[in-house]
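One-letter residues, chain by chain:
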Amino acid sequence: MGGGQGSVLLFHGISANKKIMSYMARGFAEQGLRVYVPDLPGHGRTPGPFSPARAEQCGGSLVHELLSRAVIDANRTILVGHSMGGAIAERIAARVPVAGLIAISPAPMRAAHGLTAEKLLFSDPPELPAHSLVMAGSLELESMRGNAADLVAARKDATTSYVEIRGATHVSVLFSSDAMRSAQEWAARVLNLPPPAALPSHRPLIGALAGLMGIMLIAGPFLREVLGKRSEENPAAEKGVGVPRLLLEFATGSVLSVFLLRYWNPLKAIGLFQGDYLASVVLLLGALLIALHWSAVRKAFTNSSRHLLAAGFAGIVLLLLTTAWCDLTFYEAWLTRAKWMRFPFLLIVFFPYLLAEETLLGPMQPGKRGRRLALAFTLRLITWGAMMGGVLFLHNGEILMGLLAGYLALFNIAQRRGMDLVRTETGSAAAAALFGAILLAGFCLVIFPLT
């Protein structure tokens, strides 16, 4: 992408891929720069295994290969990275004498500002190279902003600069016009280019989000059509567990699961970077809940064969439609062969928990659906809180549970609403759980890198 006034190598962050960097890539291309945007190992279309060290190794190998073939000129090349990619760009630039560096919300490499050593992707930070711009969003955690500012403060060099982007979060900074303009001006200064004249348009992003909203809007009528004739539940035949007991069981089960994972992760072999942690918590908690309420859970399969088939078909169609749209627009979400091979296993892992949750919430009752939905979100928030407690107090290092909190929240809202619709239309807890498990398995395979 771009022309021949210089080159930019753009490295994405963890759980991201090259497509989400498109706005930044187009901004540099507007300056006549040639832009290279690789997918790091285990991300996007690039096969695993992923680890931060291997991602850095592959990024460095790409730079050396381009230099050795004279595809790029070190004196006319800027390394740019976001989050983990920002740390990788800095580490490569410390070894390879390139023209400049732009680190956008770089992943911290020092145990400072509330971060402990086990939460770091890299633990041996190099000195920030000369001609470096470091940016962070004003709405990011202080641990991110503080560590980013420290990079420039430690250098004490007039050739480096720290910029805080107002109103930007860790992800939205990638689409910030202010961040893009700062990056363009820095590239122009380092490479002696004319002042940048144009910013890239946000229309592709707006169109992508509008398309996702459209998919959400048609999901309801689609589910009602596929699931067929409405099936009424008898609330007297299936009663949910009392709320105090339900909260206590989920809290106790979540804490026990997280504590056990401090010493043993049963799903490590699944090969999802920190996604194995989420899957293991869900598996252990689901197994415990089913053991406590086996008789009630077993009834969920009564006369459910037709509903299970319909819910499974609907879940797969919506998964394919959503991932295809994201893949075509702003994020490489289409599942690769390696990810599809993990899909059945994850489906089996997630189904017991969702089946127990759906059974214990009880049937959909007129006038009480809002209360039921609030309870469902509360139960999931308890489990997420226990996982974050493990990160903060047990020092298990599973930082993605926090970094992906916003995505997890949005997904849970959409998934839970879909499950409620399936339950309303079919009267089957098993059908709703299968539908939810399909979406959750697909979401995890889209978000978590392959190891």
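Residues numbered from 1 in each chain as written. Predicted model: local features only at pLDDT ≥ 70, side-chain atom pairs only at ≥ 80, totals over all residues. Heavy atoms only, no water.

*Asks:* Quick rundown of the overall build of the protein chain? Include the residues and the values.
*Replies:* Check the secondary structure of the protein chain and you find 15 helices and six strands. For a compact globule of 451 residues, the expected C-alpha radius of gyration is about 22 Å, and the protein chain comes in at 24 Å, within 12% of that figure. C-alpha atoms of the protein chain, sized along the principal axes, occupy 75 × 45 × 35 Å. Within the protein chain, the fraction of its 451 residues that count as buried is 55%. Counted over contacts in the protein chain with a minimum sequence separation of 6, partners at least 24 positions apart contribute 77%. Of the roughly 19200 Å² of accessible surface on the protein chain, 63% is carried by carbon and sulfur atoms. Of the side chains in the protein chain, 40 bear a positive and 29 a negative charge, and the two mean positions are spaced by 6 Å. (Helix = DSSP H or I, 4+ residues; strand = E, 2+ residues; numbered from the N terminus. Rg over C-alpha atoms; globule rule 2.2 N^0.38 Å. Buried < 20%, exposed > 50% of the residue type's maximum accessible area, 1.4 Å probe, protein only. Contact = heavy atoms within 4.5 Å. Areas by Shrake-Rupley, 256 points an atom, 1.4 Å probe, with all protein chains shown as cover. Lys, Arg positive; Asp, Glu negative; His and termini not counted. Charge placed at Lys NZ, Arg CZ, Asp CG, Glu CD.)

*Asks:* Give a detailed account of a nonpolar patch on the surface, specifying residues and quantitative values.
*Replies:* Residues Phe259, Leu260, Tyr263 and Trp264 make up a contiguous nonpolar surface patch of roughly 480 Å² in combined accessible area. Position of Trp264 relative to the elements: it lies in the loop between α7 (243–261) and α8 (275–292). (Patch = residues over 30% accessible without salt bridge, like charges linked within 9 Å, V, L, I, M, F, W, Y side chains within 5 Å. Salt bridge = Lys/Arg side-chain N within 4 Å of Asp/Glu carboxyl O.)

*Asks:* Describe helix α15 (residues 429–447), with residues and values.
*Replies:* The end-to-end C-alpha distance of α15 is 27 Å, a good match for the 27 Å that 19 residues give at a rise of 1.5 Å each. Two or three places before Ala430, at the start of α15, stands the capping residue Ser428, its side-chain oxygen 3.4 Å from that residue's backbone nitrogen. (Expected span 1.5 Å × (residues − 1). Polar contact = N/O pair within 3.5 Å; in protein donor to acceptor, adjacent residues only side chain to side chain.)

*Asks:* Tell me what's going on with the sheet that holds strand β3 (residues 77–82), and back it up with residues and numbers.
*Replies:* For sheets, the rule is that strands pair by backbone hydrogen bonds, running either parallel or antiparallel. Taking strand neighbours across the sheet as the criterion, the six strands line up as β2-β1-β3-β4-β5-β6 in an open arrangement whose pairing is parallel. A single partner strand is all that each edge strand has here, and the edge strands are β2 (34–36) and β6 (161–165). Each strand axis lies, on average, 15 degrees off the axis of its neighbour in the sheet, ignoring direction. Bridging between strand β5 (residues 132–137) and β6 involves five bridges; their strand directions are parallel. Within β6, the residue paired with Leu133 across the bridge is Ser161. Each of β1 (7–11), β3 and β4 (100–104) is contacted by helix α3 (residues 84–93), which is oriented at about 150 degrees to β3, the strand it contacts most. (Pairing = 2+ DSSP bridges. Axes fitted to C-alpha atoms, helices over the stretch in contact; angles between N-to-C directions.)

*Asks:* So what about the pairing of β1? Which residues, and what values?
*Replies:* For a regular strand, side-chain orientation follows a simple rule: the groups alternate between the two sheet faces. Most of β1 is tucked away: five of the five residues are buried. Because side chains alternate across β1, one face comprises the buried residues Ser7, Leu9 and Phe11, and the other comprises Val8 and Leu10, equally buried. As paired elements, β1 and β2 share three bridges and run parallel to each other. Of the residues in β2, the one forming a bridge with Ser7 is Arg34. Crossover handedness for the path β1 to helix α1 (residues 22–29) to β2: right-handed. Across five bridges, β1 lies against β3 in parallel orientation. By the bridge assignment for β3, Leu10 is matched with Val80. (Right-handed = clockwise from strand over helix to strand, strands pointing away.)

*Asks:* Tell me about unusual backbone geometry, and name the residues and values.
*Replies:* Here Gly48 and Pro49 are connected by a cis peptide whose omega angle stands at 5 degrees. Positionally, Pro49 belongs in the loop between β2 and α2 (52–68). Backbone geometry places Ser105, a non-glycine residue, at a positive phi of 45 degrees. Residue position: Ser105 is located in the loop between β4 and β5. Overall, Ser105 belongs to the buried group, its relative accessible area being 2%. Here Gln274, not a glycine, exhibits a phi torsion of approximately 65 degrees, which is positive.

*Asks:* Lay out the pattern of salt bridges in plain terms, naming residues and giving numbers.
*Replies:* Scanning the entire structure with this criterion turns up 21 salt bridges. In this structure, Arg155 engages Asp157 in a salt bridge whose closest nitrogen and oxygen atoms are separated by 2.8 Å. Looking at Arg155, the relative accessible area reads 21%, which means it is partly exposed. A single salt-bridge network, built from bridges that share partners, covers Glu357, Glu358, Arg372, Arg380, Arg416, Asp420 and Arg423.

*Asks:* So what about the nonpolar core? Which residues, and what values?
*Replies:* Ranked by size, the top nonpolar core spans 144 residues in total, and within it Phe28, Leu79, Ile102 and Phe350 carry the most contacts. In terms of residue count, α15 provides more of this core than any other element does, 17 residues in total. When residues no more than four places from it in sequence are discounted, the contact partners of Ile102 are Phe28, Ile78, Leu79, Val80, Gly81, Leu133, Met135, Ala183 and Trp186. (Core = buried A, V, L, I, M, F, W, Y, C linked by side-chain atoms within 4.5 Å.)

*Asks:* Describe the side chain of Ser257, with residues and values.
*Replies:* Here Ser257 shows up in helix α7. A distance of 2.8 Å separates the side chain of Ser257 from the backbone oxygen of Gly253, its partner in a polar contact. In this structure, Ser257 is in contact with Val281, Leu284 and Leu285, ignoring residues within four places of it in sequence.

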